[in-house]
Amino acid sequence: MDEKKTMLSGIKPSGDLTLGSYLGPLHHWPKMIEEYDCYYFMADLHAITVRQNPADLRRRTLEQLAQYIACGLDPEKCTLFIQSHVHQHAELGWVLNCYAMFGELSRMTQFKDKSARNADNINGGLFTYPCLMAADILLYQPDFIPVGDDQRQHVELARNIVQRFNGVYGDVFKMPEPYIPKVGARIMSLTNPAAKMSKSDNGDTGRVTLMDDPNVIMKQFKRAITDSDTERCVRYDPENKPGVANLMTIYSSATGRSFAEIEREFDGLGYGKFKPAVGEAVVEMLRPIQEEARRIMADKAYLEGVYRAGAEKASRTAEKTLRKVYKKVGFVAR
Ligand code: TYM
């Protein structure tokens, strides 16, 4: 019997993957594929809670798959799939809508933020989004959910649903745990260290995407906001020097160096030397990923093979849970 624990996570193809998407969760996923049974997907159903250009959504979904593989997610060793190809997500999502309360959904920070930013399109999907996310998770009975800090509240809601549902019907769902990295769980905008770096804020000059040209990356880092204090030294102090702390977090994630080592490395050198060094470290970190992603993206037949096989495998697992749920709630068997 397979004793491996299960991991699952997804990213919305609602914009190009950023350094935030990479350093928060994605960078950690490949390390897990040897030890865990891993499911990683492109959350296209979630992406349409905000209006998308259809051609862009289709392109980005495939690019995201190519980038997952380029980052080290070997499709032979983990299950990679497109969310909309596995119909059980939408089906369980509906059921879980009926086990999540209006009050708790209203308290979701991301719902409040997104409805403020999309005042002309506060649709039902935006509101019930965490139920679909709970379905994504619970279908696979995972142990851990590797995400960035901003998804903690949604994983908590999935946990509440498990408690509520299992309380009525017995042990149907396994209780999932969020798995949030210590460094990099919240990468901030390079021009506004009070806001997270986001893939869907178009025109944000504070963003670096995974596929940005090295010249663009260097330019973004050179003009990154540091701090207006007079000491101008590289010191980790997120409260008083959030811009520098953000750059140190990025540098630490890219090089593996600790904050103390970084402080020693730039002692007496000031921000003028530090900012380009962070840019170079990011360029070097992304270079092999970019080359590999371009190569994979050019091979459409290969990508198709990967997402078809992934959906088949995911669907087999998902169906087992969905059947159990349908039986428990009282649906007549098909
Ligand atoms: P999404 O697409 O907004 O973000 C994908 C992942 O990237 C993390 N992340 C960040 N981490 C650090 N710094 C940042 N600036 C940053 N920006 C994004 C997010 O925390 C997330 O881990 N609802 C999810 C997608 C999803 C999902 C799931 C995740 C759908 N179903 C099931 C896990 C399990 C979302 O919108 O993530």
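Refer to the structure above for everything that follows.
Engineer: Tell me about the packing of helix 5 (residues 88-97) against helix 8 (residues 124-138), residues and numbers included.
Structural biologist: Helices that pack against each other are described as a pair by the angle of their axes relative to one another and the distance between those axes. Between helix 5 and helix 8, the shortest axis-to-axis distance is 8 Å and the interhelical angle comes to 125°. Considering their axes alone, helix 5 and helix 8 lie oblique with respect to each other. Two packed elements cross with a definite hand, and for helix 5 against helix 8 that hand is right-handed. Here helix 5 contributes His89, Ala90, Leu92, Gly93, Leu96 and Asn97 to the contact with helix 8, which in turn contributes Thr128, Cys131, Leu132, Ala134, Ala135, Asp136 and Leu138.

Engineer: Give me the lowdown on the nonpolar core, citing residues and values where you can.
Structural biologist: In a soluble, globular protein the nonpolar side chains are often hidden away together inside. One finds Leu26, Tyr40, Phe221 and Phe274 to be the most contacted residues of the largest nonpolar core, which totals 58 residues. Looking at this core element by element, the count peaks at 13 residues for helix 13 (residues 271-297). Residues contacting Phe274, with those up to four places away along its chain left out, are Val234, Val244, Leu247, Met248, Tyr251, Ile262 and Phe266. Formed by 41 residues, the second largest nonpolar core is a distinct cluster that contains Ala100, Val147, Ile161 and Leu322.

Engineer: Can you break down the layout of surface pockets residue by residue, with the values?
Structural biologist: When its volume is computed, the largest pocket comes out at roughly 960 Å³. Along its surface, the largest pocket is lined by 45 residues, and Lys12, Gln110, Asp150, Gln151 and Lys196 are the ones closest to its centre. Elements that contribute at least two residues to the lining of the largest pocket include exactly strand 1 (6-11), helix 1 (19-23), helix 7 (109-117), helix 8 and helix 9 (152-169). At five residues, helix 7 tops the list of elements feeding residues into the lining of the largest pocket. Here the lining of the largest pocket is composed, by residue class, of 14 nonpolar, 19 polar and 12 charged.

Procedures and definitions
Residues numbered from 1 in each chain as written. Predicted model: local features only at pLDDT ≥ 70, side-chain atom pairs only at ≥ 80, totals over all residues. Heavy atoms only, no water. Axes fitted to C-alpha atoms, helices over the stretch in contact; angles between N-to-C directions. Helix = DSSP H or I, 4+ residues; strand = E, 2+ residues; numbered from the N terminus. Parallel < 35°, antiparallel > 145°, perpendicular 65-115°, else oblique. Left-handed = near helix turned anticlockwise from the far one by under 90°. Contact = heavy atoms within 4.5 Å. Core = buried A, V, L, I, M, F, W, Y, C linked by side-chain atoms within 4.5 Å. Buried < 20%, exposed > 50% of the residue type's maximum accessible area, 1.4 Å probe, protein only. 1 Å grid on protein atoms, 1.4 Å probe; cavity = no way out; pocket = protein on both sides within 12 Å on 5 of 7 lines; lining within 4 Å. Points joined across faces, edges and corners; volume = space filled by probe spheres on them. Nonpolar A, V, L, I, M, F, W, Y, C, P; charged D, E, K, R; others polar.

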